[in-house]
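# Understanding the architecture of this molecule
One letter stands for each residue in the lines below.
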2 protein chains.
Amino acid sequence: MVANKVKNSLKERVEKLKEAGVTPCLATILVGDDPSSATYVKMKGNACEKLGIVSKRIHLPATTTTEELLATITELNNDENVNGILLQHPVPEHVDERKAFDTISIEKDVDGVTSFGYGQTALGFGVFPSCTPAAILTIIKEYGIPVQGKHAVVVGRSPILGKPVSALLLNENATVTTCHSYTNNLPDIVKQADIVVAAVGKPNFIKGDWVKEGSVILDAGYNPGNIGDVEYDSCFEKASAITPVPGGVGPVTIAMLLKHTVDSAERTLQSKAENEVVQSN
Amino acid sequence: MVANKVKNSLKERVEKLKEAGVTPCLATILVGDDPSSATYVKMKGNACEKLGIVSKRIHLPATTTTEELLATITELNNDENVNGILLQHPVPEHVDERKAFDTISIEKDVDGVTSFGYGQTALGFGVFPSCTPAAILTIIKEYGIPVQGKHAVVVGRSPILGKPVSALLLNENATVTTCHSYTNNLPDIVKQADIVVAAVGKPNFIKGDWVKEGSVILDAGYNPGNIGDVEYDSCFEKASAITPVPGGVGPVTIAMLLKHTVDSAERTLQSKAENEVVQSN
């Protein structure tokens, strides 16, 4: 529902951009032949095209070196027809993924993977937060769930999920506890949460008897077999609101990627317009 | 004690750098005439000189514009004799402080104030974390205080203190709760902490009856009259370890700034040496 609402709101914006001579374009880079990665990239590309966003799909062989990948990214950074760049994670092990991510220019980092973008997001003025955290915050806002002063417990601390969602919730004035594999007494900590974010990558990990009556549970897990990180049935009994898997956070994540691409195209158009004003003065 | 140990370890490194023809240099920028800022900058400059680090002190008038400040920073970025740049906070209100911080090149951000550096630190591969958080982690390590699996509660969420110290503790495998002015039942949360970091800027704010018996308390507060954020006497009774104010975290913070400047000079020397090897091949 939230995903469709976001996508619908983008249609008109894409039309307006096209009228102004700009067709938003997302470049996706897939390195190697991992079948799930190929599926994800395809889904994202198709979602673009459905909205009238150009999907520029780059598929590099598994033997691609870090230098070759950086060269491809740099080319896309310099291509003024490209508004967003998505490098599908994971890349083959011999490639320096962090260096590749950090080569994406901040203006085109619509997937929110650069450390610069992460820093900006965490300090409160980021433009494109990582898409899954952005999706979680969008769901929370769309359902009018109060965050300020609430205790949010995030289980997981990955660079594109646990850490940035903790940062976003903190910036919304939640008290935030970030947990992970070294956390002691995890159930006791989760039990304190008004808002639980599961981002741990373990199927059915969060149990109903860990969560507080009336808590809000957001499941960002997506494990093989379409299984979330939350044991849905037992948690559903306790929660005042809960996202399912599949559905839930996943589709909104893709909608965020599309939204950021459109945002980026609009920003480009606006800065072009401002440059023209300066030149004509 | 920790501060002196760090400083002593730097003396030999500074000597070696000088023998190799590099004298480490920290540039400090003070904008305007705030007396405490002037005192802080002077203290830092004097600490440099005591160790044989060049202190390049730039004092700009309170009327300096953002553009003028950015130009000064860019000049220092390009000056190969400068290894670190410190912009004293706060700058006058009409100046865009965030833009100024983010103009400092990542290689010279020895005070750890850029959003890029923050992102790198939080994602686990930062070179120069913000100095007070770095000091807190150094104290913890010097005293052999276990962090992994411990519950750390950070009270405060400023960009150069609460947020980065939360990130550093998380990367050391603590479970981290970040609290702030909107936190409900703060004493109950602090009571769960094995490690308490006070970074809130309110004199004597954390009380003895808030803290758990045996907890470790790090007071990063520094309020007018040399008063910390922790009510020392009552917390001392409960804590297994506690830092005083004055003393404690403050002097180690300055030692971190010096260490980062020396680190930066060594990195410059090393990359010069590597370039020479490449050129001679």
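Residues numbered from 1 in each chain as written. Chains lettered and ligands numbered in written order. Predicted model: local features only at pLDDT ≥ 70, side-chain atom pairs only at ≥ 80, totals over all residues. Heavy atoms only, no water.

### A few points about the interface of chain B and chain A
Put simply, the rule is: We call two residues in contact when some of their heavy atoms are within 4.5 Å. Buried area: the sum, over both parts, of the accessible surface (1.4 Å probe) that disappears when the two are put together. What makes a salt bridge here is a side-chain nitrogen of Lys or Arg within 4 Å of a carboxyl oxygen of Asp or Glu, nothing more. Definition of a polar contact: a pair of N or O atoms within 3.5 Å, with one able to donate and the other able to accept a hydrogen when the atoms are protein atoms, and with sequence-neighbouring residues admitted only if both atoms are side-chain atoms. Secondary structure elements follow DSSP: runs of H or I of four or more residues count as helices, runs of E of two or more count as strands, with numbering from the N terminus. Note that Gly is not counted as nonpolar here; it falls among the polar residues with everything else outside the nonpolar set of Ala, Val, Leu, Ile, Met, Phe, Trp, Tyr, Cys and Pro and the charged set of Asp, Glu, Lys and Arg. Two strands make a pair as long as DSSP finds a minimum of two bridges between them.
With 31 residues of chain B in contact, the opposing surface of chain A contributes 31 residues. In this assembly, chain B packs against chain A so that about 2600 Å² is buried in total across both faces, 59% of it on carbon and sulfur atoms. Seen at the junction of chain B and chain A, the total is zero salt bridges. Taken together, chain B and chain A are joined by 18 residue pairs in polar contact (both at pLDDT 80 or more). Within the residue set of the side of chain B that touches chain A, elements represented by two or more residues are α4 (97-103), α5 (115-123), α7 (162-171) and β5 (175-179) of chain B. In terms of residues, the side of chain B that touches chain A owes the most to one element, α5 of chain B, which gives seven residues. Its residues assigned to classes, the side of chain B that touches chain A shows 12 nonpolar, 15 polar and four charged. Pairing geometry for strand β5 (residues 175-179) of chain A and β5 of chain B, over three bridges, is antiparallel. The residue bridging threonine 177 of chain A from the neighbouring strand is threonine 177 of chain B, located in β5 of chain B.

### Some details on the relation of the copies chain B and chain A
Filter applied, for reference: Least squares is the method used to superpose the copies, on C-alpha atoms of residues holding a pLDDT of at least 70 in both.
Of the transformation placing chain B onto chain A, the axial shift is 0.0 Å and the rotation is 180 degrees, giving an RMSD of 0.0 Å. In short, the pair behaves as if placed about a two-fold rotation axis. Both copies contact each other with a shared surface, as 100% of the interface residues of chain B are interface residues in chain A too.

### Some details on the domain arrangement of chain A
As a reminder of what qualifies: What counts as a domain boundary in this text is fixed by an automatic or database domain assignment.
Looking at chain A, the domain boundaries give domain 1 (19-108) and domain 2 (131-250). The centre of domain 1 of chain A, based on its C-alpha atoms, is set 29 Å off from the matching centre of domain 2 of chain A.

### Some remarks on the pattern of salt bridges
If you walk through the whole model with that rule in mind, you get 20 salt bridges over all chains. Overlapping salt bridges, with partners in common, bring together Arg13, Lys259, Asp263 and Glu266 of chain A in one network.

### Concerning the UniProt feature "binding site: NADP(+)" (unreviewed entry) in chain A
We apply this condition: UniProt positions are given in the numbering used here, feature names are shortened, and annotations may be inferred rather than shown by experiment. Buried means the residue's accessible area, taken with a 1.4 Å probe over protein chains only, is under 20% of the maximum for its type, while exposed means over 50%, and partly exposed covers the values in between.
Listed under "binding site: NADP(+)" (unreviewed entry) in the UniProt record, and renumbered for this structure, are Gly156, Arg157 and Ser158 of chain A. Along the chain, the position of arginine 157 of chain A falls in the loop between β4 (151-155) and α7 (162-171). Owing to a relative accessible area of 22%, arginine 157 of chain A belongs among the partly exposed residues under this scheme. For arginine 157 of chain A, the residues in contact, after removing those within four places along its chain, are Gly162, Lys163, Thr178, Cys179, His180 and Tyr182 of chain A together with Leu170, Asn171 and Asn173 of chain B. A distance of 2.7 Å separates a polar side-chain atom of arginine 157 of chain A from the backbone oxygen of leucine 170 of chain B. With a relative accessible area of 26%, serine 158 of chain A lands in the partly exposed category.

### Digging into the sheet that holds strand β1 (residues 25-31) of chain A
To summarise the sheet geometry, strands pair through backbone hydrogen bonds and adopt either a parallel or an antiparallel arrangement. Residues and elements named next belong to chain A. As a reminder, the rule being used: Axis definition: a line fit to C-alpha positions, over the contact stretch in the case of helices; interaxial angles, taken between N-to-C directions, run 0 to 180 degrees.
The strand order across the open sheet formed by three strands is β2-β1-β3, and the pairing between neighbours is parallel. The open sheet is flanked by β2 (54-60) and β3 (84-87), the only strands paired with a single partner. With direction set aside, neighbouring strand axes in the sheet form an average angle of 20 degrees. In this structure, β1 lies alongside β2, joined through seven bridges in parallel fashion. Directly across from leucine 30, in β2, lies its bridge partner histidine 59.

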